[in-house]
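# Fold and geometry: a report
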Amino acid sequence: MNALKNERSSKSVTDDKTVPPASRQQQLPLQLELDICQQTVNAQNHSSDQLRRLSNYLMYVCDEERQRLANEIHDTLGQNLLALKIDVSMLHARTRKNHPRINHRAAIMMEHLDVAVANVREIINNLYPPVLKLGLLASVEWKVGEFEKRHPIACTLQVDGHDTDYAPYDGYSMPMIRILHESLKNVARHASANCVNVALSGVPRRLTMQVVDDGVGIHPDHLCKDGAYGLVWIRERIGALGGEFTIGTNARQKGTMLTVSLPGRASA
Ligand SMILES: Nc1ncnc2c1ncn2[C@@H]1O[C@H](COP(=O)(O)OP(=O)(O)OP(=O)(O)O)[C@@H](O)[C@H]1O
Ligand SMILES: [Mg+2]
């Protein structure tokens with residue numbers, strides 16, 4: 001009896017004469033539908049995997065391109081402006097006694113050149129700040145100082161451990177500075193904060209960077225706003241490096257707390 005039962009259950013639904021023809025017709029499309037669904041899921045997984053890899057590659061290419069452009073601007077435009085400035089200052093010095101009108105024009109030209117040099121420096125700093133070559137800690141210190149200079153928001157830096165503890169993470173300087181840039185830009189634009197604290201910690205097992213402001217706080221609905229890419233970019237960037245990203249309310253007071261952390265040993 002049991003053997004008969006097993007034999008029956010091993011038959012496919014379509015062979016089973018005990019299943020009414022109408023049910024048999026329903027079962028076949030169901031299996032087909034399941035197969036199609038599975039194939040679609042597989043294809044979607046494959047496609048998101050490919051997209052993630054492409055996005056990681058683009059982020060890497062973007063960094064390389066920023067560095068290349070910064071170097072090129074420094075070596076061509078920057079150097080030429082400097083040479084021009086030296087020539088104009090010589091002209092300015094030599095015309096002081098006998099050619100007051102030329103001397104005056106030279107002084108104006110020097111002022112224009114100073115502005116042009118400052119603009120070029122700013123462009124280079126936005127693309128690939130030269131301080132990145134000095135490592136992670138120096139870069140973060142520089143960024144915090146730059147933020148304070150430009151915004152009426154107090155910005156403090158808190159660093160756990162010793163300076164040398166951060167050396168293994170120097171390979172992360174570029175992504176970490178860009179993440180800090182996006183985070184501080186958000187504080188300046190959205191938080192209405194009086195102060196923001198940047199904290200580095202977790203070495204040597206892990207590198208953690210927290211950006212905590214005392215502003216209005218972030219609304220959960222704003223985490224995936226249409227047309228807003230700063231936070232999405234941070235999440236993708238940190239994910240590509242095998243790290244973690246969280247953003248939420250600052251627990252001690254109102255405000256926003258953004259945390260990124262990366263595993264030990266920099267390989268970026
Ligand atoms: N520190 C913060 N305090 C308050 N709100 C914030 C803070 N950071 C982000 N937000 C909110 O989260 C939203 C999404 O931020 P996100 O950086 O992704 O985009 P965005 O700054 O609007 O545009 P962009 O693409 O130029 O970065 C912001 O529009 C803002 O409403
Ligand atoms: Mg933003």
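The structure reproduced in this document is the subject of the present report.

### A look at the overall build of the protein chain
Within the protein chain, the regular secondary structure consists of six helices and five strands. For the protein chain, the sequential pattern of α-helices and β-strands runs α-α-α-α-β-α-β-β-α-β-β. Of the contacts made within the protein chain by residues no fewer than 6 positions apart, 67% connect residues no fewer than 24 positions apart.

### A few points about the site of ligand 1
The environment of ligand 1 is made up of 17 residues, and the closest members are N186, A191, A228, G230 and L231. If one sorts the elements of the shell around ligand 1 by residue count, helix α5 (residues 173-191) sits on top with five residues.

### Here's the deal with the environment of E111
Turning to its location among the elements, E111 is positioned in helix α3 (residues 100-127). It is 9.5 Å that separates the C-alpha atoms of E111 and K85, two residues lying 26 residues apart in sequence.

### What to know about the packing of α5 against helix α6 (residues 230-240)
Two elements in contact, α5 and α6, have axes whose closest approach is 10 Å; the angle formed by their N-to-C orientations is 155°. Overall, the two elements α5 and α6 adopt an arrangement that is roughly antiparallel. Seen from above, α5 lies across α6 with left-handed handedness. Here P175, I179, E182, K185 and N186 of α5 lie close against α6, whose contacting residues are G230, W233, I234, R237 and I238.

### Quick notes on the packing of helix α4 (residues 136-150) against α5
Contact geometry for α4 and α5: axes closest at 10 Å, N-to-C directions at 20°. One way to sum up the angle between α4 and α5 is to call them roughly parallel. In terms of crossing hand, the pair formed by α4 and α5 is right-handed. Seen from α4, the contacting residues are L136, S139, V140, K143 and F147; seen from α5, they are S173, M176, I177, L180, H181 and L184.

### So, the sheet that holds strand β1 (residues 154-159)
Note: strands within a sheet are paired through backbone hydrogen bonds, in either parallel or antiparallel orientation. Read across the sheet, five strands follow the order β1-β2-β3-β5-β4 without closing on themselves; strand pairing throughout is mixed. Each end of this open sheet is capped by a strand with a single partner; those strands are β1 and β4 (244-249). Ignoring which end each strand starts from, the neighbouring axes of this sheet average 10° apart. The sheet contact formed by β4 and strand β5 (residues 256-263) spans six bridges and is antiparallel. Bridge pairing links T246 to T259 in β5.

### With respect to α6
Buried residues of α6: I234, R237 and I238, and no others. Projected down its long axis, α6 carries its buried residues within an arc of 90°, all on one side. In the segment just after α6, G242 is the residue with positive phi, at about 80°.

### Regarding the pairing of strand β2 (residues 195-201)
Burial of the side chains of β2 is restricted to one face: V196, V198 and L200 are buried, whereas none of C195, N197, A199 and S201 on the reverse face is. Two strands pair when backbone bridges link them, and β1 and β2 are joined in this way by six bridges, in the parallel orientation. Of the residues in β2, the one forming a bridge with L157 is V198. With respect to chirality, the unit in which β1 leads through α5 into the neighbouring parallel β2 is left-handed. Here six bridges tie β2 to strand β3 (residues 206-213), and the two strands are oriented antiparallel to one another. Each residue of the ladder has a partner; that of L200, found in β3, is M209.

### Concerning unusual backbone geometry
We note that S192 has phi near 50°; this positive angle belongs to a residue other than glycine. With respect to the helices and strands, S192 occurs in the loop between α5 and β2. You can call S192 partly exposed: it has 14 C-beta atoms within 10 Å.

### Overview of α4
Here α4 is 15 residues long and its end C-alpha atoms lie 21 Å apart, about the 21 Å a rise of 1.5 Å per residue gives. Packed against the buried residues of α4 are β1, α5 and β2.

### Quick word on the environment of L200
Examined against the element boundaries, L200 turns out to sit in strand β2. When the 23 C-beta atoms within 10 Å are taken as the criterion, L200 is described as buried. C-alpha of L200 to C-alpha of V159: the two residues are 41 residues apart in sequence and 4.9 Å apart in space. Non-local contacts of L200, meaning those with residues more than four positions away in its chain, are made with V140, V159, D160 and M209.

Scoring rules and cut-offs
Residues numbered from 1 in each chain as written. Chains lettered and ligands numbered in written order. Predicted model: local features only at pLDDT ≥ 70, side-chain atom pairs only at ≥ 80, totals over all residues. Helix = DSSP H or I, 4+ residues; strand = E, 2+ residues; numbered from the N terminus. Contact = placed C-beta atoms within 7 Å. Near = placed C-beta within 6 Å. Axes fitted to C-alpha atoms, helices over the stretch in contact; angles between N-to-C directions. Parallel < 35°, antiparallel > 145°, perpendicular 65-115°, else oblique. Left-handed = near helix turned anticlockwise from the far one by under 90°. Pairing = 2+ DSSP bridges. Buried ≥ 20, exposed ≤ 12 C-beta atoms within 10 Å, placed from the backbone. Arc of directions from axis to C-beta. Right-handed = clockwise from strand over helix to strand, strands pointing away. Expected span 1.5 Å × (residues − 1).

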